[in-house]
Amino acid sequence: MAKEEHRIVKGQVMVPYEVALGKTWSMFYDFLKEEKIMGKKCPQCSRVLVPPRSFCPRCFEDMDEWVEVSQEGIVETWVYVNMPFFAQELKIPFISAQIRLDGSDTGFIHQVAGIDLTEFEKVREIVKLGGRVKAVWSREKKGNILDIAYFEPVK
Amino acid sequence: MQRVAITHVAQSSGMESKESLMDFTYRVNKEILDKAGLKRREVGCIVAGSADIFHSGLSCANAFDWDGIGAFLKEGSRAEESAFSFIYGCMRILSGRYETVLVTALVKGSENPDNDPITSFYGDPFYLRPVGVNESVVAAMQMRQYLERYGVTEEQCAKVAVKNLGNALFNPYADRKRRVSLEDVMASERVYDPLKALECAPKSDGVVAVLLASEERAKTLSKKPVWLSGYGCSMDHFHPGDRDLLKGQLPAAAQRAYKMAGIDDPGKQIDVAEVCEPYAFQELLWCEHLGFCGEGQGGRWIDSGMPLMDGALPVNPSGGVLATNPYPARGLYRIAEAALQIKEEAGEHQVGKKVRTALAHSTHGFGGQCHSVVILSA
Amino acid sequence: MGNAVAIIGTGQTKHGRRSDVCYPDLVREAVTAALEDAGITLKDIDGIVLGTMPSMMEGVSSTHFYFAEAMGSVGKPVLKVETCGSTGQSIGHCGFFWVASGMADIVLVVGSEKMSEGDGQATMTTVFDPFFQRTFAAGAPGVFTMQSMEWMYRFKIPEEKGREAAARISVSNHDNAMDNPHAHIRTRVTMEDVKNARIITYPVRLLDVCPASDGACAVIFATGEKARKICRKPAWIKGLGFRGEEFFYGESDKAIWMSATEAAAEAYRQAGIRNPLKELDVAEIYNPFTYQEMIFYECFGFCPRGEAPDYVLKGTFLKDGELPCCPSGGTLCSNPIGATGLIRLAEAALQVTGKAGARQVEGAKLALSHAMGGVDQFNGVTIVGSEL
Ligand SMILES: [Zn+2]
């Protein structure tokens, strides 16, 4: 009998979901349509959270106050992604970044683009920690996070 | 020996929620803390009960759970089934290291695929899944054996659905609220023959929280703490074909719990039971295994009226899982409902008799592969 | 404080690409090894705790069903506890509390993963929420790179210095793994190899990153009384802590990393440790990325904030240094995720009981073990000692 070790069975799984955004996050996306980035302010610790939450995870109190934050902020950290993986939504290479929008107290995760991304060495001359970036809006609003098309470095 | 009590209970409305899972969870946790007069910071430890990816579309469910359950920078953990979470929370108190533990189970069935595709992933990729096995398929096979071996009738099984959906009409937190007759159940679609549609649990949204406390703390937190007096759990073989589907591990789990609680005549000593019956006939089979009636006597037992709301041993006054099935949370729902009965806080579905000892049961897996039994006492 | 609990046996598989066995058989290999190590049989086990990564990793959900026989759990109580990458520590904690509660005398804890059978990075991506952050996710390397960059920037660590120290960590972990028969990656690498390896997400290169491994680990916990009876040299649990931060990445400061800092602080309080660098003899840190290992050194109080590269470069954490870290070769050389945190605990137990073989740190009496999980969200720490 032929030696046939380590047999492998291949398979793939697809499972559909319908996930509720809820009131607070729906409103966030409605505001994005108006090209406004809105956070929520905690009545207790006064932090402004973006994305907004209906409650403060630390104080465990409801947050009812909407606050518009700046469309500009500082790059707290970033990563140049040039590694493909299954179900990746953005085309590589792309830059994932944590941005502290002026007037907010949390890092906002989005992408930095609007520059030539093909060569990393050139990119790092432009994108820097502590550097400023500003939101660039998609013309067509679909009610998702890419209604902000990307953040571009401020010259 | 340290003791542990349930001091407070909170649960979401059984209706489908339009809130995000995070907000949905927060509301219930906020409510229970307010009821207990505690701040989030004052809770000793927090344990979540939830299932990952297939039940939420999120991997590592604890990651998303964490904010809503109020666990930021707190000692905590997560168990995959909510009866597990409950007993793990109890262990934390019994160790003497924590005075309070908040246990929260959560899921939004409305966002998820149906139970059948989800439970098909319990199956291994080589044998069971390729031949279409899921929890309902095994339940139907189990039911057929149950009918044939003991001569229990389909009508007797259907009566469980009539009883439980009837009870659910008095439970403001129930999901499926619909008065059904025996004829309705019998005439409902034979989805997995002999199982009929109204004999199978729905999928529901649900968040339920219980606050646990040490003996000393419980007495200051609540006028009527409910004590854990027994616990038992037992796991069966994986392949349904390796077992007798009508024997199973529930008797072993129950015996452990009874021994710990000092119960030798469960049918007499237990005042009310919340039993996990995702399929109607299973309530009868489980009641046999819990020792409420003899082997093969489940049909006669329901005919006798014993498990009705005003019977000698009411089973599922809340409407059970047939009415509300937030899958990974349903074990903690049973425990919470059992506690409410002892506290006399079950409202319209409070049973007529005085409840001093209540049993809560949880099961998951093909044909009840794993069972947990919890005994609570006044 | 509370009831005494000890580890009386540990078992590990050979980690690596294990397509020679199906998943339950892999689990059984670790369970059998742990029972043999403890010199007991399944009959002695009162309860079993299992944990793995989420179902998407291998495509089978609720694996406590699938592993019923492999874990020896038929007819026994089980608990399934999971907290993502920190699962290994969380199940260890559950084993501890089950015994400490008085509800069991001996508990078997099992962690496993068969990463070759699924897509680890795609799984990590589904830890992110579908509303805001998943779009920008780039698996584990993306997150850990962001964190490392932020940390270096915050503490003004020059890029070359960070690079040099990270390369040293890679070299020493690879060296250490040569002494560990269970390790997945067993090849020596040079500083040049690390610095010239393929870029994954700049500045992180291939040899800064752990492999995806298949593997399982089992650890047996017992009451003090049973431990003294059964075991010649138990490893005593001295302290444990687990902390998690907010879900959304970016909300908490990852350069300071409160969850790691406070999980360790909690464990130190319980163990009565004030100066971890001096008092600990060895540490098994969950280090899937070289740069991140340095952040842990700082969170765990092994050195002041921002100074980890200096300590690394002067050899503090080498096997013959002041506080040897990851003499097993660490997560960097074997990472079957659901098992990894438990492997850290098992290795710590082996060290304080003098059973670590070629990777033994001479005279080790007090050891720290750790795991991290979620998107930099969770940290768990357990401290074990040769004496109660
Ligand atoms: Zn606040």
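Residues numbered from 1 in each chain as written. Chains lettered and ligands numbered in written order. Predicted model: local features only at pLDDT ≥ 70, side-chain atom pairs only at ≥ 80, totals over all residues. Heavy atoms only, no water.

**Some details on a nonpolar patch on the surface**
- Where nonpolar side chains cluster on the molecular surface, the patch consists of Val-9 of chain A together with Phe-126 and Tyr-127 of chain B and spans about 330 Å² of accessible area.
- Structurally, Phe-126 of chain B is set in the loop between helix 4 (115-120) and helix 5 (135-150). (Patch = residues over 30% accessible without salt bridge, like charges linked within 9 Å, V, L, I, M, F, W, Y side chains within 5 Å. Areas by Shrake-Rupley, 256 points an atom, 1.4 Å probe, with all protein chains shown as cover. Salt bridge = Lys/Arg side-chain N within 4 Å of Asp/Glu carboxyl O. Helix = DSSP H or I, 4+ residues; strand = E, 2+ residues; numbered from the N terminus.)

**Re the state of the cysteines**
- All chains considered together, the criterion is met by one disulfide over all chains.
- A disulfide bridge connects Cys-60 of chain B with Cys-84 of chain C, and the sulfur atoms are separated by 2.2 Å. Given an S-S torsion of about 60 degrees, the disulfide between Cys-60 of chain B and Cys-84 of chain C has right-handed geometry. One end of the pair, Cys-60 of chain B, is in the loop between strand 2 (45-49) and helix 2 (61-68); the other, Cys-84 of chain C, is in the loop between strand 3 (78-80) and helix 3 (87-100), on a second chain.
- Unpaired in this structure, Cys-233 of chain B has its nearest cysteine sulfur neighbour in Cys-370 of chain B, at a distance of 4.0 Å. (Disulfide = S-S within 2.5 Å.)

**Details of the interface of chain A and chain C**
- Chain A puts 40 residues into the contact, and the matching count from chain C is 34 residues.
- When the two sides are added together, the surface that chain A and chain C hide from each other amounts to roughly 3,400 Å², 68% of it contributed by carbon and sulfur.
- Broken down residue by residue, the surface that chain A buries against chain C is led by Phe-85, Ile-109 and Leu-129 of chain A, which jointly contribute 16%.
- Taken together, chain A and chain C are joined by four salt bridges.
- For Glu-246 of chain C, the salt bridge goes to Arg-47 of chain A, with nearest N and O atoms at 3.9 Å.
- Inspection of the region where chain A meets chain C yields ten residue pairs in polar contact (both at pLDDT 80 or more).
- Of the residues forming the side of chain A that touches chain C, the biggest block, six residues, is contributed by strand 4 (residues 72-81) of chain A.
- Per-class residue counts for the side of chain A that touches chain C are 25 nonpolar, nine polar and six charged. (Contact = heavy atoms within 4.5 Å. Buried area = accessible area lost by both parts, 1.4 Å probe. Polar contact = N/O pair within 3.5 Å; in protein donor to acceptor, adjacent residues only side chain to side chain. Nonpolar A, V, L, I, M, F, W, Y, C, P; charged D, E, K, R; others polar.)

**Some remarks on the pattern of salt bridges**
All names here are of chain B.
- Scanning the entire structure with this criterion turns up 59 salt bridges over all chains.
- Of the charged contacts in the structure, one is a salt bridge between Glu-111 and Lys-108, with a shortest N-O distance of 2.9 Å.
- On the basis of relative accessibility, which here comes to 6%, the residue Glu-111 falls in the buried class.
- Its relative accessible area of 2% is what places Lys-108 among the buried residues. (Buried < 20%, exposed > 50% of the residue type's maximum accessible area, 1.4 Å probe, protein only.)

**Describing unusual backbone geometry**
- The peptide bond linking Val-50 of chain A to Pro-51 of chain A adopts the cis configuration, its omega dihedral lying at 0 degrees.
- Within the secondary structure layout, Pro-51 of chain A lies in the loop between strand 2 (48-49) and strand 3 (65-69).
- Across the junction of Ile-92 of chain A and Pro-93 of chain A, the peptide omega takes the value -5 degrees, indicating a cis bond.
- Among the structural elements, Pro-93 of chain A can be located in the loop between strand 4 and strand 5 (94-101).
- One non-glycine residue, Cys-60 of chain B, lies in the positive phi region at around 55 degrees.
- Positive phi values are uncommon outside glycine, yet Asn-316 of chain B reaches one of about 55 degrees.

**Some points on the environment of Asp-105 of chain C**
- Assignment of secondary structure puts Asp-105 of chain C in the loop between helix 3 and strand 4 (106-114).
- Excluding its chain neighbours within four sequence positions, the residues that come into contact with Asp-105 of chain C are Asp-46, Val-99, Phe-221, Ala-222, Thr-223 and Lys-226 of chain C.

**Here we look at helix 11 (residues 280-289) of chain B**
Residue and element names in this part refer to chain B.
- The buried fraction of helix 11 amounts to ten of the ten residues, a majority that puts the element mostly inside the structure.
- Burial in helix 11 covers these residues: Ala-280, Phe-281, Gln-282, Glu-283, Leu-284, Leu-285, Trp-286, Cys-287, Glu-288 and His-289.
- Phi turns positive, to about 85 degrees, at Gly-291, one or two residues after helix 11.

**Notes on the sheet that holds strand 2 of chain A**
Residues and elements named next belong to chain A.
- Pairing is antiparallel in the open sheet, where three strands are placed in the order 2-1-3. Sheet topology places strand 2 and strand 3 at the edges, where each strand pairs with a single neighbour.
- Direction of pairing for strand 1 (residues 37-41) relative to strand 2: antiparallel, over a ladder of two bridges. Opposite Lys-40, over in strand 2, you have Leu-49 as the bridge partner. (Pairing = 2+ DSSP bridges.)

**Section: the packing of aromatic side chains**
- Taken as a whole, this structure holds 40 aromatic pairs over all chains when the rule is applied.
- Ring centres of Phe-60 of chain A and Tyr-26 of chain B lie 4.9 Å apart, and the angle between their planes is 85 degrees; on these two criteria the pair is classed as edge-to-face. In this pair, Phe-60 of chain A is assigned in the loop between strand 2 and strand 3 and Tyr-26 of chain B in helix 1 (residues 21-36), connecting two distinct chains.
- Taking relative accessible area as the criterion, Tyr-26 of chain B reaches 0% and is therefore assigned buried.
- Measuring from centroid to centroid gives 5.9 Å for Tyr-98 of chain B and Phe-97 of chain C, while their planes differ by 50 degrees, and the two rings are tilted. Remark: Phe-97 of chain C occurs in helix 3 and Tyr-98 of chain B occurs in the loop between helix 3 (82-94) and strand 4 (100-108); the pair is interchain, linking two chains. Comparing Tyr-98 of chain B with Phe-97 of chain C shows no difference in burial state: the two are buried.
- An aromatic cluster of at least three residues, connected via ring pairs, comprises Trp-25, Phe-28 and Tyr-29 of chain A, Phe-64 of chain B together with Phe-131, Phe-132, Phe-247 and Phe-248 of chain C.
- Stacked on the ring of Phe-24 of chain B, the Lys or Arg Lys-108 of chain B has its end atom at 5.9 Å from the ring centre.
- The ring of Tyr-327 of chain B carries Arg-330 of chain B above its face, with NZ or CZ at 3.9 Å from the centroid. (Phe/Tyr/Trp six-rings, centres within 6.5 Å; stacked < 30°, edge-to-face > 60°. Lys NZ or Arg CZ within 6 Å of the ring centre and 35° of its normal.)

**Describing the pairing of strand 3 (residues 76-79) of chain B**
Residue and element names in this part refer to chain B.
- Where burial is concerned, the two faces of strand 3 agree: the one with Gly-76 and Arg-78 and the one with Ser-77 and Ala-79 are both buried.
- As paired strands, strand 2 and strand 3 are joined by four bridges and run parallel to one another. Counterpart to Ile-46 in the pairing with strand 3 is Gly-76.

**Overview of the coordination of the zinc ion**
Residue and element names in this part refer to chain A.
- Of the protein atoms, only Cys-42 (SG), Cys-45 (SG), Cys-56 (SG) and Cys-59 (SG) coordinate the zinc ion, at distances of 2.3 Å.
- For the zinc ion, the four donor atoms are set out with angles of 104 to 115 degrees between them, so the coordination reads as tetrahedral.
- Going along the chain, you hit the donors of the zinc ion in the pattern C-x2-C-x10-C-x2-C. Of this pair, Cys-45 sits in the loop between strand 1 and strand 2 while Cys-56 is found in the loop between strand 2 and strand 3, placing the two residues eleven residues apart along the sequence.
- Residue Cys-45 is classed as partly exposed on the basis of its relative accessible area, which comes to 31%. (Donors = N, O, S within 2.8 Å, 3.2 Å for Na, K, Ca; no water. Tetrahedral: all angles 85-135°; square planar, octahedral: opposite > 155°, others 65-115°.)

**A few points about the interface of chain C and chain B**
- Listed by partner, the interface residues are 61 residues for chain C and 56 residues for chain B.
- Where chain C abuts chain B, roughly 4,900 Å² becomes buried across the two surfaces, and 62% of that area is made up of carbon and sulfur atoms.
- Between Glu-75 of chain B and Arg-243 of chain C there is a salt bridge, with the nearest N and O atoms lying 2.8 Å from each other.
- Counting across the chain C and chain B interface gives 24 residue pairs in polar contact (both at pLDDT 80 or more).
- Where the side of chain C that touches chain B is concerned, the elements lending two or more residues are helix 2 (63-66), strand 3, helix 3, strand 8 (235-244) and helix 9 (258-271) of chain C.
- With seven residues, the single largest contributor to the side of chain C that touches chain B is helix 3 of chain C.
- Here the side of chain C that touches chain B is composed, by residue class, of 30 nonpolar, 20 polar and eleven charged.

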